[in-house]
Amino acid sequence: MELSPEERRKIYEEEKARIEAREQLEKEKRQASPEATINLSPNITGVLCYLGIWITGIIFFILEQKNKWVRFHAAQSIVVFGGLGIAMGILHWIPFIGWFFTVVIWIVGIILWIVLMSRAYNGERYKLPLAGDIAEMMVGISINIPERPQTPPPPPVPEATYAAPPPSPPPPPTPPAAAVDIDEKIGKRVETFFKEKRSGRITIVAFAIAWSMVLLVVFNFFNEYIAYYTYHTATKTWTWESFFTSDIGVWLPIFNTALAISIIGHIALIFVNNNIIRESIHVITNGFSLASVLTLLVVFPFNFDVIPNSEAAGWTTMGVRLFLIFIAAGFGIALLVRIIKLLVSVVKAAAKL
């Protein structure tokens, strides 16, 4: 159902007031702490607390002795990433299923790493369940941040107004064309506000980085398990023959470089709002991704002859080649689109000069 101009204006004003009140509340709480020991902006220091996971958490927890807002982020970094590191170390020694849960914890850690850095950069004291409580005990604070600003209660209404309610107001006059234009602009601003919220951007980036980390771990540490498995009933054991050949060593460095650039680029996209820089990052990441897929097509470090059925092996080889061609075409189209958008952004920026 389409919103009326009055409803859209009301939504916009409410969201604007809530955001401004929350930012002011966070600012007052940060300013309520004594002057920081470290000569950096608190939100930058908060990001640094998570940047090096628990290592930088310990560093800033020791160095910063005055600003409790920064110390909270440092303590939460120690608790969260230190706990995840211990859990991964324990699970690593569990046979069979240990590696799976290690990868799951790795992905969760990457997502938390991005979310916590972003929230700290926005000046929020984002508290995780349990870990945030422990961090508060370490710092000795407890700040309850309301989801919406508190509004004062309405003034009491005299009893006389209940006895004789006022007459209904006349219907509002039809707004002139100028007012309609303003309403349309407000509606567009409301739609843009909800569309371009940083939280949505963070969610997309978090999944992209998590997927890159999964690929990085699987192809570097578990590629030998991408294989054809055979169960021997006599010995009740499994054996496998990997689909990858030794040529995978030629492709992995290019693949790892593309993934590293993709992870760094997506992290930068959280904090960058300039269209030219954002499109440049997309061009670079898509270009390296395309190079990685094309290299995989050329090297093709696969050996599907380990499949006993020769016909199935042939179809599998053809299917993998077609799939890689499809992926390469997708990256190529995405790269072309990003280049066009970059050129358009550059032309628009030059026209404003």
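A short tour of the structure in this document, coming up. (Residues numbered from 1 in each chain as written. Predicted model: local features only at pLDDT ≥ 70, side-chain atom pairs only at ≥ 80, totals over all residues. Heavy atoms only, no water.)

1. Focus: the overall build of the protein
Short version of the rule: A run of DSSP states H or I qualifies as a helix once it reaches four residues; a run of E qualifies as a strand once it reaches two. Both are numbered from the N-terminal end. Only protein chains enter the accessibility calculation, which uses a 1.4 Å probe; a residue is then buried when its area is under 20% of its type maximum, exposed when over 50%, and partly exposed in between. Only heavy atoms enter the contact rule, under which two residues are in contact if any of them lie within 4.5 Å. Here the Shrake-Rupley method, with its probe set to 1.4 Å, supplies the accessible areas, and only the displayed protein chains count as covering residues.
Broken down by element type, the protein carries 12 helices and 2 strands. Going through the 353 residues of the protein one by one, you find that 34% of them count as buried. Taking the contacts inside the protein whose residues are at least 6 apart along the sequence as the reference set, 72% of them involve residues at least 24 apart. Of the roughly 22300 Å² of accessible surface on the protein, a fraction of 68% belongs to carbon and sulfur atoms.

2. Topic: the pairing of strand β2 (residues 237–242)
Quick reminder of the rule: For two strands to pair, DSSP has to find at least two bridges joining them.
Note: strand β1 (residues 227–232) against β2, 6 bridges, orientation antiparallel. Across the sheet, the residue bridging to threonine 230 is threonine 239, located in β2. From the end of β1 to the start of β2, which pair antiparallel, there are 4 residues, and lysine 236 there has a positive phi angle of about 55°.

3. Side note on the pattern of salt bridges
Basically, it comes down to this: Whenever a carboxyl oxygen of Asp or Glu lies within 4 Å of a side-chain nitrogen of Lys or Arg, that contact is scored as a salt bridge.
Counted by the stated rule, this structure contains 5 salt bridges. A salt bridge links lysine 127 to aspartate 133, with the shortest nitrogen-to-oxygen separation between them at 2.6 Å. Assessed through its relative accessible area of 34%, lysine 127 is described here as partly exposed. Residues arginine 338 and glutamate 279 are paired through a salt bridge, measuring 3.2 Å at the closest nitrogen-oxygen approach. In this pair, arginine 338 is assigned in helix α12 (residues 310–352) and glutamate 279 in helix α11 (residues 275–299), connecting sequence segments 59 residues apart. Arginine 338 sits in the partly exposed class, given a relative accessible area of 22%.

4. Overview of the nonpolar core
For clarity, the threshold we go by: To qualify as a nonpolar core, a set must consist of buried Ala, Val, Leu, Ile, Met, Phe, Trp, Tyr and Cys residues joined through side-chain atoms within 4.5 Å. Residue ranges assigned to each domain were obtained from an automatic or database domain assignment.
In this structure, Tyr50, Val80, Phe81, Trp113, Ile114 and Ile209 are the most contacted members of the largest nonpolar core, which totals 28 residues. A total of 8 residues in this core trace back to one element, the largest contributor, which is helix α5 (residues 98–121). Domain assignment of the residues forming this core places at least three in each of domain 1 (31–146) and domain 2 (198–351). Residues in contact with isoleucine 209, not counting those within four places in the same chain, are Ile110, Ile114, Ile263, His266 and Ile267. Among the nonpolar cores identified, the runner-up in size contains 18 residues, and Phe219, Phe244, Leu252 and Phe255 belong to it.

5. Describing the layout of surface pockets
What counts, and what does not: The definitions used throughout rest on a 1 Å grid laid over the protein atoms alone, on which a cavity is an enclosed set of points accommodating a 1.4 Å probe that cannot get out and a pocket is an open set flanked by protein within 12 Å on both sides along at least five of seven lines; lining residues are those having an atom within 4 Å of a point. Grid points are joined across faces, edges and corners, and a volume is the space filled by probe spheres set on the points. Residues are grouped as follows: Ala, Val, Leu, Ile, Met, Phe, Trp, Tyr, Cys and Pro are nonpolar; Asp, Glu, Lys and Arg are charged; every other residue, Gly included, is polar.
Its boundaries defined by the atoms lining it, the second largest pocket holds a volume of some 680 Å³. If you go around the second largest pocket, you meet 26 residues; those closest to its centre are Leu215, Phe255, Val293, Ile327 and Phe331. Contributing elements (two or more residues each) for the lining of the second largest pocket: α9 (198–221), α10 (248–271), α11 and α12. Counted by class, the lining of the second largest pocket contains 19 nonpolar, 7 polar and no charged residues.

6. What to know about the side chain of histidine 282
The residue histidine 282 is located in helix α11 in this model. Judged by its relative accessible area of 16%, histidine 282 falls in the buried class. In this structure, histidine 282 is in contact with Leu269 and Arg338, ignoring residues within four places of it in sequence.

7. What to know about a nonpolar patch on the surface
Stated formally: The patch calculation keeps residues exceeding 30% relative accessible area without a salt bridge and links them within 9 Å when they carry like charges or within 5 Å when they are nonpolar (Val, Leu, Ile, Met, Phe, Trp, Tyr).
Together, Ile53, Trp54, Ile55, Ile58, Ile59, Ile62 and Leu63 give the surface a local cluster of nonpolar side chains, amounting to about 600 Å² of exposed area. For leucine 63, the location among the structural elements is in helix α3 (residues 53–63). Exposure remark for leucine 63: the relative accessible area of 46% places this residue in the partly exposed category.

8. Section: the packing of aromatic side chains
Put simply, the rule is: Think of it this way: a Phe, Tyr or Trp ring, Trp meaning its six-membered ring, pairs with another when their centres are within 6.5 Å, and the plane angle makes it stacked under 30 degrees, edge-to-face over 60, tilted otherwise. We call a charge positioned above a ring when the Lys NZ or Arg CZ atom is no farther than 6 Å from the ring centre and deviates by at most 35 degrees from the ring normal.
Going through the model one piece at a time under the given rule, you end up with 13 aromatic pairs. Aromatic side chains tyrosine 231 and tryptophan 238 sit 5.0 Å apart centroid to centroid with 50° between the ring planes, which places their arrangement in the tilted category. Taking relative accessible area as the criterion, tyrosine 231 reaches 38% and is therefore assigned partly exposed. Both rings, one in phenylalanine 302 and one in phenylalanine 304, keep their centres 5.6 Å apart while their planes meet at 10°; by these two values the pair is stacked. One aromatic cluster is present, built from ring pairs that chain together Phe219, Phe243, Phe244, Trp251, Phe255, Phe300, Phe302 and Phe304. Sitting over the face of the ring of phenylalanine 61, arginine 71 holds its NZ or CZ atom 4.2 Å from the ring centroid. Over the aromatic face of phenylalanine 300 sits the side chain of arginine 321, whose NZ or CZ is 3.8 Å from the ring centroid.

9. So, the packing of α3 against helix α4 (residues 68–91)
In plain terms, the rule: Axes here mean lines fitted to C-alpha atoms, for a helix over just the part in contact, with angles spanning 0 to 180 degrees between N-to-C directions. Throughout, a crossing is termed right-handed when the near helix is turned clockwise from the far one, and left-handed when it is turned anticlockwise from it by less than a right angle.
One way to put it is that α3 packs onto α4 with a least axis distance of 8 Å and a crossing angle of 145°. The hand of the α3/α4 crossing is left-handed. Between α3, through Ile53, Trp54, Gly57, Ile58, Phe60 and Phe61, and α4, the contact on the second element is made entirely by Arg71, Ala74, Ala75, Ser77, Ile78, Phe81 and Gly82. Its residues placed into classes, the contact of α3 with α4 shows 9 nonpolar, 3 polar and 1 charged.

All quantities given are derived from atomic positions and should not be read as evidence of function.
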